Amino acid sequence: MHMSKEEILKELREGVLNYDEERVKKAAMRALEEGIDPFLAIKEGLTPAINEIGKKFERMEIFLPQLTIAAKAMEAGVAILEPALDKSQGEKVKLGKVVIGTVQGDIHSIGKNIVATMLRAAGFEVIDLGVDVAVDKFLEAAERAKADIIAASALMSFTKVMQRDLVEYLKSVGARDKYKLMVGGGPVNEEWAREIGADGYAEDAIKAVKVAKELLGLK
Ligand code: B12
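Caption draft 1: Inspection of the packing of helix 5 (residues 110-122) against helix 9 (residues 205-215) at higher detail. Packing of helix 5 against helix 9 leaves a shortest axis separation of 9 Å and a crossing angle of 50°. The angle between the axes of helix 5 and helix 9 places the two elements in the oblique class. You can see that helix 5 and helix 9 cross each other, and the crossing is right-handed. Where helix 5 approaches helix 9, its residues I114, V115, M118, L119 and A122 are matched on the opposing element by A205, I206, A208, V209 and A212.

Caption draft 2: Looking closely at the nonpolar core. Counting residues in each nonpolar core, the largest one holds 66 residues, and the members touching the most others are L119 and M182. There are two domains that each give this core at least three residues, and those are domain 1 (5-88) and domain 2 (97-215). Sequence-distant contacts of L119, that is, excluding residues within four places in its chain, are made with V98, F124, V126, A208, V209 and A212.

Caption draft 3: Structural context of the site of the ligand. In the vicinity of the ligand there are 39 residues, among which G54, G111, S153, M156 and G184 approach most closely. Of all the elements in the fold, those that place two or more residues in the shell around the ligand are helix 3 (38-58), helix 4 (64-85), helix 5, strand 3 (149-153), strand 4 (180-184) and helix 9. Of the residues forming the shell around the ligand, the biggest block, seven residues, is contributed by helix 3. Its residues assigned to classes, the shell around the ligand shows 21 nonpolar, 13 polar and five charged. Here the shell around the ligand spans two domains, since at least three of its residues come from each of domain 1 (5-88) and domain 2 (97-215).

Caption draft 4: Quick look at unusual backbone geometry. For Y19, which is not a glycine, the phi torsion comes out positive at approximately 55°. The class of Y19 is partly exposed, set by 19 C-beta atoms lying within 10 Å. Despite not being glycine, D132 shows a phi value in the positive range, around 55°. Inspection of the secondary structure assignment puts D132 in the loop between strand 2 (125-128) and helix 6 (135-145). According to the C-beta neighbour criterion, D132 is partly exposed, with 17 such atoms within 10 Å.

Analysis parameters
Residues numbered from 1 in each chain as written. Predicted model: local features only at pLDDT ≥ 70, side-chain atom pairs only at ≥ 80, totals over all residues. Axes fitted to C-alpha atoms, helices over the stretch in contact; angles between N-to-C directions. Helix = DSSP H or I, 4+ residues; strand = E, 2+ residues; numbered from the N terminus. Parallel < 35°, antiparallel > 145°, perpendicular 65-115°, else oblique. Left-handed = near helix turned anticlockwise from the far one by under 90°. Contact = placed C-beta atoms within 7 Å. Core = buried A, V, L, I, M, F, W, Y, C linked by C-beta atoms within 7 Å. Buried ≥ 20, exposed ≤ 12 C-beta atoms within 10 Å, placed from the backbone. Domains from an automatic or database assignment. Near = placed C-beta within 6 Å. Nonpolar A, V, L, I, M, F, W, Y, C, P; charged D, E, K, R; others polar.

Spelled out as structure tokens, the structure:
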């Protein structure tokens, strides 16, 4: 039976809101079958739902177990949609190398993973360091890979300060000018990026690709 885009986006949302991983998976597969843009499915289906879950958690209407189950359901959906995001990759020439990770003390990975996937899809080579990444690990990986960009994600107000620590650390070892530095994540905004002296900020994965290209002087 045919399902409209709106119906599928609603299923994705409802699946996360009802902690129903199977429902999310089914809806994600449906989205692919119906040719819905996978990024749109993440942005307008899954993300508003996980944000709503985040608000409920903040209001203490739900607790960590529910937050965890909802996040698992979202991740399962993203895992199904992700290969389709990556499809455009092909044999493209690499635009540049990006080392990405979530800062130390922070284990949120969903948004960072989406940014990594979109950068890859756009033609960047991405080295993903995972979560809870210490400032020296970012630099170590960037040196080893001869990266062009270091990208740091932070989802909590008390871990976004690690982005500033990263800038300060790079300065202290004389490596600040070797890399372009991008920051992002829930509590991060343009103003914060400017304040700490990062080179770029983006509010979502599509814009992250645009900013990465701009930082390297590509169109
Ligand atoms: C899912 C989730 C979890 C999951 C994470 C699962 C996973 N594998 O990532 C789990 C259950 C593990 C979790 C744990 C915790 N969480 Co939590 N979590 C969330 C939630 C609901 C959604 C985050 C998310 O995935 N969003 C969806 C993605 C797609 O969006 P995104 O991450 O923002 O990414 C997009 C952009 O920001 C941007 N972006 C992201 N990274 C980068 C990087 C760069 C370089 C760029 C350019 C762009 C960019 O592009 C992305 C895609 O478009 C948020 C609420 C919220 N509104 O953020 C709380 C939230 C972040 N969590 C919170 C808390 C408190 C915790 C815990 C401390 C709870 C606890 N008591 O243990 C722990 C953290 C432990 C730790 N040390 O890190 C708080 C933080 C409060 C604060 N302001 O500091 C929030 C805000 C909830 C709340 N309102 O209270 N959490």
